[in-house]
Amino acid sequence: MIDVTTAGVTGNGWTDDTAALQAVITANPEKRFYLPAGTYKITAPIALGPRQVIEGDSADATRVIQWNPASDGIAFSGNYWNGGGVRRMMLGCNLTTWGQTFSSGIGLDIYQGGAALVEDVILQGYQTGVQERECYSTSLRTVQVQFAKTGFLVPSSTASPNFIGTYDDCMAQAPGVASGSVGFNIRLSGGHSFKDCNAMGHDTNWLINPVAGQSATYMQFIGCWADGSRGDGWVLDASSGWVNDNEFTSCWAGSSAGCGVVIKASNGNLDGVNWNGGRFFENGQHGIHLMAGAKNVQIANAIIGNNSRSADNTYDGVRADAGVSEWAVLGCRIGNFGSAQSQRSAYGVNLSGSTSNVRIQGNDLRSYGPGKTGIKNTANGGGISIANNL
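The rules we used
- Residues numbered from 1 in each chain as written.
- Predicted model: local features only at pLDDT ≥ 70, side-chain atom pairs only at ≥ 80, totals over all residues.
- Heavy atoms only, no water.
- Buried < 20%, exposed > 50% of the residue type's maximum accessible area, 1.4 Å probe, protein only.
- Helix = DSSP H or I, 4+ residues; strand = E, 2+ residues; numbered from the N terminus.
- Arc of directions from axis to C-beta.
- Contact = heavy atoms within 4.5 Å.
- Salt bridge = Lys/Arg side-chain N within 4 Å of Asp/Glu carboxyl O.
- Phe/Tyr/Trp six-rings, centres within 6.5 Å; stacked < 30°, edge-to-face > 60°.
- Pairing = 2+ DSSP bridges.

Draft legend 1. Local environment of helix H1 (residues 18-26). Among the residues of H1, Thr18, Leu21, Gln22, Val24 and Ile25 are the ones counted as buried. In a view along the axis of H1, the buried residues occupy a sector of 165°, so they form one face of it. More than 90 degrees from the buried face of H1, the exposed residues found are Ala19 and Thr26. For H1, the secondary structure elements touched by its buried residues are strand E1 (2-3), strand E2 (12-16), strand E3 (32-35), strand E4 (38-42), strand E5 (46-48) and strand E6 (53-56).

Take a look at the structure:
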């Protein structure tokens, strides 16, 4: 491991360390670089190549601060080789206003990474915190993004897909960030896994929205949160590309201004969402909203309570619009319970129009809103089974 302070890098907080830091990295391919506790001022992106690792003492002690408001932080290009990464440091910006984005760049851009590891890193003040593009088996552990318009981005690509990335205990926070912010934005995937990840305070906390001709498929989400969104908590949007065969286990959505979860599609592009467990509570509108085009969606063993926070007795626990098919609500508790708020959700499950091939079975729907019922069924589609509900 190379201590960069032995190669002319100061870490004193006022000397521009860009040139010296880049020089030592460029001169030592496939090496590890140690940044001792200190503040490293940079004014241009720091480029890492295949299998290179840059690491500090901790995110509190080692701080790499970008002073150029148009620049990225670290750009890692792995050329699909195994290894490399960033560990134990803060990648920040010279913030002029606390809670606001400073740089229009990307804090950490991971390109063509193969089994790269990003661990114990805080990113602060970039337009995009982390971008993972054209990678496979990249791992992010305990990564926190603050004050970014987009916290974590897996972008679309016509060159190569992103496969089997893992995100563990990652967080995106956006207090004070301008409108249009997203915590986690997944536009292309062939099998990512997200565990114990949390997005807070964005316009949309979790957004899955592939572009036309591309897909976000075979993903797993375990114990992930959407907390306090200024819009909808989770949005699965297959209006353009495909969103297929994704699993959600014990994932939550609470205190969103809009819906807890929105699932929408066109031309049958969304096929296969299995949501098992979790809680959807105190959201401004519906707990879960299934919109036209969604297909093969199952919600099981969830707690959906005290939604319709923006307007008492107006929005439902689960709302299914016309044009939704092959969906199920199984073994859930839905209604109004366990909350101090005065606003109440209306119907437990509300289905209408041409929705078809539905199972609503084994649910506790007893605590619906005043003048409402546990189930409102005005659907005219076929294959509707409503049974064994309380």
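Draft legend 2. Seen up close, the pattern of salt bridges. In total, this model carries nine salt bridges according to the counting rule given. Glutamate 55 is the partner of arginine 88 in a salt bridge, and the nearest nitrogen-oxygen pair spans 2.4 Å. Of this pair, arginine 88 sits in strand E9 (residues 85-93) while glutamate 55 sits in strand E6, and the two are 33 residues apart along the sequence. Among the charged side chains, a salt-bridge network with shared partners connects Arg32, Glu55 and Arg88.

Draft legend 3. Summary view of the packing of aromatic side chains. Per the stated rule, a full pass over the model turns up 17 aromatic pairs. Ring geometry for phenylalanine 221 versus tryptophan 234: centroids 5.8 Å apart, planes at 85°, classification edge-to-face. Note that phenylalanine 221 is positioned in strand E22 (residues 220-222) and tryptophan 234 in strand E24 (residues 234-238), a separation of 13 residues in sequence. Residues phenylalanine 221 and tryptophan 234 agree in their burial class; the two are buried. With a centroid separation of 5.8 Å and an interplanar angle of 90°, the aromatic rings of tryptophan 252 and phenylalanine 281 are classed as edge-to-face.

Draft legend 4. How the structure looks around the pairing of strand E25 (residues 242-249). Sheet analysis places strand E21 (residues 215-217) next to E25, joined by three bridges and oriented parallel. Note that in E25 the partner of alanine 216 across the bridge is valine 243. Relative to strand E28 (residues 270-276), E25 runs parallel, the two being bridged by six bridges. By the bridge assignment, valine 243 is partnered in E28 with leucine 270.

Draft legend 5. Broad picture of the side chain of asparagine 244. Within the secondary structure layout, asparagine 244 lies in strand E25. Residue asparagine 244 is classed as buried on the basis of its relative accessible area, which comes to 18%. Ignoring any residue separated from it by four or fewer positions in sequence, one finds asparagine 244 in contact with Ala216, Thr217, Tyr218, Asn269, Leu270, Asp271 and Gly272.

Draft legend 6. Highlighting the environment of glutamate 282. Tracing the sequence through the fold places glutamate 282 in the loop between strand E29 (279-281) and strand E30 (288-290). Among the residues examined, glutamate 282 registers a relative accessible area of 22% and is labelled partly exposed. Along the sequence, glutamate 282 and glycine 228 sit 54 residues apart, while their C-alpha atoms lie 9.7 Å from each other. Sequence-distant contacts of glutamate 282, that is, excluding residues within four places in its chain, are made with Ser255, Ser256, Gly305, Asn306, Asn307, Arg309, Ser339 and Gln341.

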